[in-house]
Amino acid sequence: MRRDVPIEEQIQVDRVEVLSGITVGELADKLGVPGAALVKKLFEMGEMATVQQTLADDTVEIICADLGVEVYFMSEEELEFGIEAPDDPERLVTRPPVITVMGHVDHGKTLLLDAIRQTDVVSGEAGGITQHIGAYQVTKDARKITFIDTPGHEAFTAMRARGAQITDVAVLVVAANDGVMPQTREAIAHAKAAEVPVVVAINKIDVEGADPNRVKTQLTEHDLVAEDFGGDVPMVEVSALKRLGIDDLLEVVLLQADLLELTANPDKSARGRVVEANLDRGRGPVATVLVQGGTMRRGDILVAGTADGKIRAMFDENGSPVEEATPARPVQVIGLNEVPEAGDEFRVVDAERFARDVAERRSARERRKELAERRPTTLEEFTSAVQAGDKAHLNVIIKADVSGSAEALEDALLKLELDEVQVRVIQKGVGAITQGDVRLAEASDAIIVAFNVRPGANAREEIDRSGIDVRTYRIIYEAIEDIQRAVKGLLAPEFREQVLGEAEVREVFKVPRVGFVFGCMVIRGEIRRDAGVRVVREGVVIAEDKMSSLRRYKDDVREVREGFECGIGLERFQDVKEGDVFEVYETVEVERD
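All figures in this text were calculated on a predicted structure; none of them were measured in a lab.

A look at the environment of Lys577
Within the secondary structure, Lys577 is located in the loop between strand S29 (565-570) and strand S30 (581-589). Exposure remark for Lys577: the relative accessible area of 46% places this residue in the partly exposed category. Between the C-alpha atoms of Lys577 and Val535, which are 42 residues apart in sequence, the distance is 9.9 Å. Ignoring any residue separated from it by four or fewer positions in sequence, one finds Lys577 in contact with Val505 and Arg537.

Side note on the sheet that holds strand S9 (residues 235-237)
Spatial strand order, S5-S6-S4-S7-S8-S9: six strands in an open sheet with mixed pairing. Single-partner strands in this sheet number two, and they are strand S5 (135-140) and S9. Going across the sheet, the axis of each strand differs from the next one's by a mean of 30°, ignoring polarity. By the bridge criterion, three bridges tie strand S8 (residues 198-203) to S9 in an arrangement that is parallel. Following the sheet pairing, Ala201 is matched in S9 by Val236. With respect to the sheet, helix H8 (residues 182-194) is in contact with strand S4 (98-103), strand S7 (169-175) and S8, its orientation differing from that of S7 by roughly 170°.

Focus: unusual backbone geometry
For Glu261, which is not glycine, the phi dihedral falls at a positive 50°. Here Glu261 shows up in the loop between helix H10 (246-260) and strand S10 (263-264). Notably, Glu538 is not glycine yet its phi reads approximately 55°, a positive angle. Given the relative accessible area of 69%, Glu538 is considered exposed.

Some points on the environment of Arg551
With respect to the helices, strands and loops of the structure, Arg551 is situated in strand S26 (residues 540-552). Along the chain, Arg551 and Gly519 lie 32 residues apart, while their C-alpha atoms are 9.5 Å from each other. If we ignore the near neighbours within four places in the chain, the residues touching Arg551 are Asp556, Val557, Cys566 and Gly567. Only 3.2 Å separates the side chain of Arg551 from the side chain of Asp556, close enough to count as a polar contact.

Topic: the sheet that holds strand S21 (residues 446-451)
Strand order across the open sheet formed by four strands is S20-S19-S21-S22, with parallel pairing between neighbours. Only two strands of the sheet have a single neighbouring strand rather than two, namely strand S20 (422-430) and strand S22 (470-473). Looking at each pair of strands side by side, their axes are set apart by 25° on average, direction ignored. Sitting on the sheet, helix H13 (residues 403-414) touches strand S19 (393-400), S20 and S21, and the angle it makes with S20 is about 180°.

Considerations on the confidence of the model for the protein
Low pLDDT means the predicted atomic positions in that stretch should not be read closely. Across the protein, the average pLDDT comes to 82, with 84% of residues at 70 or higher. When pLDDT is averaged over each helix and strand of the protein, the minimum, 49, is found for helix H7 (residues 153-161) and the maximum, 96, for strand S13 (residues 296-297). Every residue in residues 119-133 scores below 50 in pLDDT, and together they form 34 contacts with partners more than four places removed in sequence or on other chains.

A look at the nonpolar core
With 24 residues, the main nonpolar core has Ile99, Leu112, Ile116, Ile145, Phe147, Val171 and Leu249 as its most contacted residues. Those elements giving two or more residues to this core turn out to be S4, helix H6 (109-119), S5, strand S6 (143-148), S7, S8 and H10. If one sorts the elements of this core by residue count, H10 sits on top with six residues. If we skip the residues at most four places from it in the chain, Val171 touches Ile99, Thr100, Val101, Met102, Val199, Ala201 and Val253.

Digging into the packing of helix H3 (residues 35-44) against helix H4 (residues 57-66)
Running from amino to carboxyl end, H3 crosses H4 at an angle of 100°, the nearest separation of the two axes being 11 Å. One element, H3, and the other, H4, form an angle in the roughly perpendicular class. Contacts between H3 and H4 involve Leu38, Lys41 and Leu42 on the former and, on the latter, Thr59, Ile63 and Asp66. When its residues are assigned to classes, the contact of H3 with H4 shows three nonpolar, one polar and two charged.

Overview of H4
Buried within H4 are the following residues: Asp57, Thr59, Val60, Ile63 and Cys64. One face of H4 carries all of its buried residues, which in axial projection span an arc of 160°. For H4, the exposed residues set more than 90 degrees away from the buried face come down to Ile62 and Ala65. Of the residues flanking the end of H4, it is Gly68, one or two places downstream, whose phi is positive at about 75°.

Points about the pairing of strand S14 (residues 301-304)
Side chains of S14 alternate between two faces, with Ile301 and Val303 and Leu302 and Ala304 buried alike. Between the antiparallel neighbours S14 and strand S15 (residues 307-315) lie two residues, among them Gly305 with a positive phi of about 65°. Examined bridge by bridge, S14 and strand S18 (residues 345-349) share four bridges and lie antiparallel to one another. In the sheet register, Leu302 faces S18, and the bridge partner there is Val348.

A look at helix H9 (residues 212-220)
Inspection of H9 places Pro212, Val215, Lys216 and Leu219 among the buried residues, and these make up the whole buried set. Buried positions in H9, seen along its axis, are confined to an arc of 100° and lie on one side of it. Elements in contact with the buried residues of H9: S7, H8, S8 and S9.

Rules used throughout
- Residues numbered from 1 in each chain as written.
- Predicted model: local features only at pLDDT ≥ 70, side-chain atom pairs only at ≥ 80, totals over all residues.
- Heavy atoms only, no water.
- Helix = DSSP H or I, 4+ residues; strand = E, 2+ residues; numbered from the N terminus.
- Buried < 20%, exposed > 50% of the residue type's maximum accessible area, 1.4 Å probe, protein only.
- Contact = heavy atoms within 4.5 Å.
- Pairing = 2+ DSSP bridges.
- Axes fitted to C-alpha atoms, helices over the stretch in contact; angles between N-to-C directions.
- Polar contact = N/O pair within 3.5 Å; in protein donor to acceptor, adjacent residues only side chain to side chain.
- pLDDT = per-residue confidence, 0-100.
- Core = buried A, V, L, I, M, F, W, Y, C linked by side-chain atoms within 4.5 Å.
- Parallel < 35°, antiparallel > 145°, perpendicular 65-115°, else oblique.
- Nonpolar A, V, L, I, M, F, W, Y, C, P; charged D, E, K, R; others polar.
- Arc of directions from axis to C-beta.

Pasting the structure below:
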């Protein structure tokens, strides 16, 4: 094809299906045009790009619209598994309803959930459940009801934003003595946005000043009209404290479920959503999942978002092992290789290799998409932006060795009286800087302020890849001064620490008349005799010192490179254990811009 033919005349398709994070070359292939032609078209539109560069979604939409091509952004599930065929009606069975309880923080939501749990006489757990996993089932009139205990309205909305429509009915808790409060209005808005029916539980009817009719009148202003006011919203008067009206509430919920005619097919590979997930020190990644279709069994192979693995064990809300989970059943799953995100879809697949490939492809696409849409900010760039009047806030992630230090650093940063800019601490935590911290910083355009902690190996690779600005400190006021100088447009560092290498302690020797010598393996970079040394234990800096000796066998040496063994002596600190890491660094002068 001649190169001077306009790209519009080369296109042979009128619709393309793409994933977020597509590259210029991949889009050109789908359009059936040379990559160079698409690069030229982008240049004409004012977009500089290479064939390997990732495109933001809005850029893809704009260029396709300009070329007269319809664009459809596929979901990962559609790409990996295809469009699922409708279930055979003969295989559908009635499933339990999934309920989310929402409401103002002081209106008795937690007490109501406890009362509902303890009403479940069939399970025999009169004293409450043994282990709360964020989702559980109760039985009423031989029928099961699944309750999802979301940590807040934001989580409810976040799941909806990720396409996780898992709730069938929302129960809105309103205190009879307080009435509609700001968070009540938020909950109503979230329920409406999710387009789920609402059942109102008017709680605290036993307290002084309770006025259920006033609550019903207030709710009318928000388009929730009670049935006895001529509307269609069921409102049940309850007392969570005295456990009054709980049975009536469950009956109304079941009636709503009957109206919705909820069904699912249990005879297929399981799929569903992650309700919540965390990293347990003893058990590894633990995910609470809700099965939405099919039946999940112990030993099944799962892929959930960017996580995958084989189910080693499943537990119910009481912490009891279970062998299988049917539709609308929440269970706790152990066996994934990493912690998935709330709202991620999970699927059971046939082969571990396929699950791993899907998870790896998703991780790669996620990174590419983030890189296409975000560019990390360094403190120096932030200073320039402040001087130009472009920045209104600085996002900060705090990591420290102990919670007290993290709290103190957060308080100090938030108390800075700065007219030019607002400092926002988007997350703080204890322990080494993790890969998740770096990804959060990349996604939220934040810098990481680390106090007495260092990045782990995976986090260091992520930092090198993303270019995230990580500032490490040993003294809190130095961190404060750096932030102050940055937001006042005065940050011009003259010196910067440079990590030369790391050595892992493999053995500890006590040498007469010398003291302790530590047998090490250089695991990264190089170790220099005249450099500073930090002793790092499980990601936390426990001491700073200098070397008194550096030896290779019996020879004194000036440096030892990666992959070689050496003996290191320290001048002062001797409480070193096997597995500790010596981080060797030097302070270098940085030219001012």
